[in-house]
Structures are given as C-alpha cells and as structure tokens.
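Understanding the architecture of this molecule
The primary structure of each chain is shown beneath.
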Amino acid sequence: MNTVTTPKVSAQMLPHLRLKVAGEQAFILYFAEQTSTQVAAQIQAATQALVELVGHSLIDLVPSYASLLVVFDDNQLEFYQARQLVLERIRQAAMQAEEEASQAGNQIILPVYYDVESGPDLEDLARAKALTTDEIIKLHYEQEYRVYAIGFAPGFAYLGELDERLAAPRLATPRKAVPKGAVAIADRQTAVYPSVSPGGWNLIGLCPVPMFDVTKTPSMPMTTGDRIKFEPISKADFIAMGGEL
Amino acid sequence: MNTFKVINPGVMSLLQDAGRFGQHNIGLTVGGPMDPFAFTWANRLCQNEVGATSIEITIGGLQLEAMTDTQIAITGAETQVKVNNQELPMWQTLNIKAGDKIKLGFASQGARIYLAVAGGFDVEAQFGSTATVVREGIGGLTGAASSGKGLAKEDILASHDVTTISPLAMPKLAIPNYDAECVLHTVLGYQEASFSRVDKASFFSCEYTVSERADRMGYRMLGPAIHSSTNAMLSEGICHGAIQVPADGQPIVLLNDRQTIGGYPKIGSVMARDTAKLAQLTQGKKLRFEPVSIEDAHGINQIQKYKESQITLVKVV
C-alpha cells in the first residue's frame, strides 16, 4: 500500500533553526548546513505552516535546499514581530505534529490481573518506591503507552513511557523463567512477556491476552505506533479470559 | 474602453501594477514599478486605486494617440512632455481629448517615467498581477503576441471608465530631485559574516559606479572589489535589494525582476526606498552604500511614510 504522507514539522529540528536578516522586510531561516531529504521535508512542512499568512502579514516565501526566505509586509509588522510570528507558527506546527502523532495508531486495551500473587516484584517495588502496592498498580494502568519497538522475542512490545515514579532498575539477577503474559517494568519502559523466557524486568501482574499467535494474522494484537492502555481485572476475570497462574 | 493607440513605444515601455506577490513558490518574480514613489503618485494624480496599472517608460520616447477623452499624469524622471506639440508639466493631471498626440522626450535626469491614466489601464491579470516581466514572458497585454512583452507600435490600450476629476498637481517641494547624491542604505544580512571587516569598511566608504549592466533584474556596480570567504553555498531565496557579490567582487543589487533563488554570497540588502533611487540612475552615475540596522531601517520607513502622508496634492487653477 502506498500512502503519501505530508511532512510534518519536527520539534527536533527547532533547536537547529538559524535565522539571519536578509533585508529590511525579509529574513532567511537556515534548517541545516547541508541538504537532505529530511531537511527538504522540514522546509516543506515549515512552508506549509506559514503559507496561510501569505497575502496577509507575509508577502512571499522562497523555500530552497536548506533554507526558507520569508518576506514580510513591513507595513504591518516590524522585523521582531515578523520573526516572532513566524517562529511561533513553526513551533505550533511542531507541537501540533507531535499531538497528531500521539493521537495516531489504534488504542488497544490489555486486561491485567495485578496482585502480589501474579506480580512477585510488586511488594519489593512498593518498598523501594515508598508507595503502596495499590498506588503502584494505579500509576501503571492510568498511563497510556505507545508501542515504541517490537523485539527481544516474537511479540515482545516495548512500551513507554512509564511514570517516573515507577522507574525501576532491572533485577540484579535475571529470572531464569518469566511466565507467559507477565506484565513487567524496567527503567521507564513496560512490556508484556509474550512467552516464557528468561528476563530481568520487575513483574507486577499478568495479562491473559496472548501477545503472539503464529496461527493468527496479524500474529500480534498491536503494532508499532499503537497506544496501549492497561485495565485492571479480578482474578476470576483473569481465569475466565484464559489466564493461567 | 479603448483609450490609446501606441504610435511609438520608445526605448522600453512596460505595463506595471504594484507587482506580483505570493508566487515565489512557483519561481515567479515580483516585477512592478522600479520607482514605486513616482508610480504611486502618478496614480494618485489620477485619483486611481493604489497599484492601478500604469506604464513604466524607461528613458523615454513613448508616443500615444488618444482614442477618447481622458486624463493622465506623468511622473518620474525629468522628461519633456508634449501634447499636440504643446509642452505640458509633469506631476500634474492633464486633460486629454480624443485625437491628442502625447509625445515623451528622453529623460534629462533619472531613468524611469510613469504614465497613469484615469481609472488605470484595463489589463487582464496573470497570476494575480498585470506586471510585465519580460524575462518570464508574463504580464502586460495578454495574448500570444503580447504577453510579457513591452508595448509595441499599434498596440491598443484600454482603461477603466471613470468620471473626470478636477486636475491636481504635486507640490513642487515633494517632487524628487533625481540628480541628488545617491546613498543606498543597506541592512547587513545573509552571508555578511563571510566578508572581512576590511572589505566591509571598503564597501561602505568607497564610491561605486553604475555599470552598463543595469536593468530591471539588477544593477551591477563597478568599484573596489570585495570578497566573501564562502566559495560554495546552497542556492537560496533572494529578497528585493539583495546585494550579490560574485567572485569578481563587483556587487550586483538585485531588483524587481530578480531571479527568486540564487547561489552567490550576499552582504545584505538595500532598502526599497533606496532601490527606487537606484532605479533612476543611468550608466556612469555614482553612488555609495551606507550600513543601517534593521531597527533604523524600520524607523526611516516610518518617518518617510509619515512625510509622504503629509503631501497634499494641490488643485490646478
């Protein structure tokens, strides 16, 4: 499937932006020293973010290899106002792009049986963080996570970002066997172990939904870019949904 | 309404409105009057809308025959204006009768003359403007034979229908002196940091002469060479008045019909108010550049705008 995507202003580009005066009613934004497809896409995105101002406070825009010349109407704006207006628009576009990106992807709800029975590291974690186990659980399921990467083992999805208060180092000695469906945290990441495997993450619950099924297409319930929300369930529901202790 | 027949187009006569804006993204330049002050007041003397289409006559020699009764105003470079062999003043509304022959001499001071007609010339806009850019083949009279060309013998010029006004004149003190010393206020910018302090000092203290390569696209200067340490740069957008310095070190001030993108280093840009003065200079005329901060440039513009707003046209009795 071919999808044509309109380039979006990236927030990472903003610190690299250099502005130089060009004339009494023009300034030039340099996006990079050299040209590249990414730079070209950023210039295109910035131009698009500003184009609706052309004919109003801006007179013309000249995008080129690594720069964008902005000609403003000095009957309406002073140089500093024009500069602020343009940079603000670009900043807004970058924020909007981030916002849109955060809304992209499907939202997937994963049920989790959080308990000391299903999460053997819950109590140690609570002690280390000076929180109650209930607080640990709440902080974990209230957050919406993004699938940043899939790897380590088939169906293993790296989710972020975990609430700072839950960030925990990996176990000093990894477990030989982490159970299938184990909901785990390490640093500011969280994941569901798709199958029994060795692992050093802190275990706080169990998810009854299979993370990887070779017989199904797609074989995983999620893909990179999806948004994941955990939902606490009871032991009875966990069993009813096919979970095993 | 057909208003004039062109008897002789002179050296170069182009239909111009205020310019073509917002089309840089497809590579179209601005065009428009090289001396916006003279252009604007020609229209005001006819009580036209701001930026109404007029004729920019370079050097002179234009001859028109009126096909109807109308009113005109001629401003800009000092030129003899004759209607039916009778000499009439510039910077004033002139009443024209059908059959009148308007004949422009050649500029004794300055280079650009503007002829506005009551109501403005009726020309179909291309890309939002009637401005003639010969290099692009766009603007002016439309049609395969005329588009983007200067006026030619036998061309018929139409104008919008308007009611007659009582003739107005520009107060004498407000008429520019095209023989005055020319100082081009320059906002440093672009690759200015790539020019040494010595070169900058030289550039702003020495006299430059307008070379034979001076047209609507740009004016190449002759004078002390300056050099940029930048030898390879990515082509980028060029604004009005940008001073491009090629390897030979002779600066070129880019004007209305400039290329929109270019790759020569630029030391900065001349203020639009001063490019209007530059556009009135002919080959061999002397000028100098003076640095101005962006803040002062805006200050100068505000003062000039205020001064212009204080000009009151006087009724001709």
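Residues numbered from 1 in each chain as written. Chains lettered and ligands numbered in written order. Predicted model: local features only at pLDDT ≥ 70, side-chain atom pairs only at ≥ 80, totals over all residues.

Describing the overall build of chain A
Assigned secondary structure in chain A consists of five helices and 13 strands. Its C-alpha atoms give chain A a radius of gyration of 24 Å, more than 25% over the compact-globule value 18 Å for 245 residues. Once the C-alpha set of chain A is aligned to its principal axes, its extents read approximately 75 × 45 × 30 Å. Residue burial in chain A is summarised as follows: out of 245 residues, 34% are buried. Taking the contacts inside chain A whose residues are at least 6 apart along the sequence as the reference set, 60% of them involve residues at least 24 apart. (Helix = DSSP H or I, 4+ residues; strand = E, 2+ residues; numbered from the N terminus. Rg over C-alpha atoms; globule rule 2.2 N^0.38 Å. Buried ≥ 20, exposed ≤ 12 C-beta atoms within 10 Å, placed from the backbone. Contact = placed C-beta atoms within 7 Å.)

Things to note about the domain arrangement of chain B
Residues and elements named next belong to chain B. The assigned domain composition of chain B is domain 1 (2-169) and domain 2 (183-309). Between the C-alpha centres of domain 1 and domain 2 the distance comes to 28 Å. Taken together, the contact between domain 1 and domain 2 spans 17 residues of the former and 13 residues of the latter. Contributions of two or more residues to the side of domain 1 that touches domain 2 are made by α1 (36-45) and β10 (109-117). When residues of the side of domain 1 that touches domain 2 are assigned to their parent elements, the largest contribution, three residues, is made by β10. Its residues assigned to classes, the side of domain 1 that touches domain 2 comprises seven nonpolar, seven polar and three charged. (Domains from an automatic or database assignment. Nonpolar A, V, L, I, M, F, W, Y, C, P; charged D, E, K, R; others polar.)

Quick word on helix α4 (residues 133-142) of chain A
Each α-helix turn comprises 3.6 residues. Residues three or four places apart therefore point the same way. Residue and element names in this part refer to chain A. Within α4, burial applies to I136, I137 and H140. Axial view of α4: buried residues confined to an arc of 95°, hence all on one face. Every exposed residue of α4 that faces more than 90 degrees away from the buried side is listed here: D134 and E142. Residues of α4 that are buried sit in contact with β5 (107-114), α3 (122-129), β12 (202-206) and β13 (227-232). (Arc of directions from axis to C-beta.)

As for the interface of chain A and chain B
With 24 residues of chain A in contact, the opposing surface of chain B contributes 24 residues. Its residues assigned to classes, the side of chain A that touches chain B shows 14 nonpolar, five polar and five charged.

Quick look at the sheet that holds strand β1 (residues 18-23) of chain A
Residues and elements named next belong to chain A. Pairing is antiparallel across the open sheet formed by four strands, whose spatial order is β1-β2-β4-β3. Only two strands of the sheet have a single neighbouring strand rather than two, namely β1 and β3 (58-63). Adjacent strand axes in the sheet meet at a mean angle of 20°, parallel and antiparallel pairs treated alike. The pairing of strand β2 (residues 26-30) with strand β4 (residues 67-72) spans five bridges and is antiparallel. (Pairing = 2+ DSSP bridges. Axes fitted to C-alpha atoms, helices over the stretch in contact; angles between N-to-C directions.)

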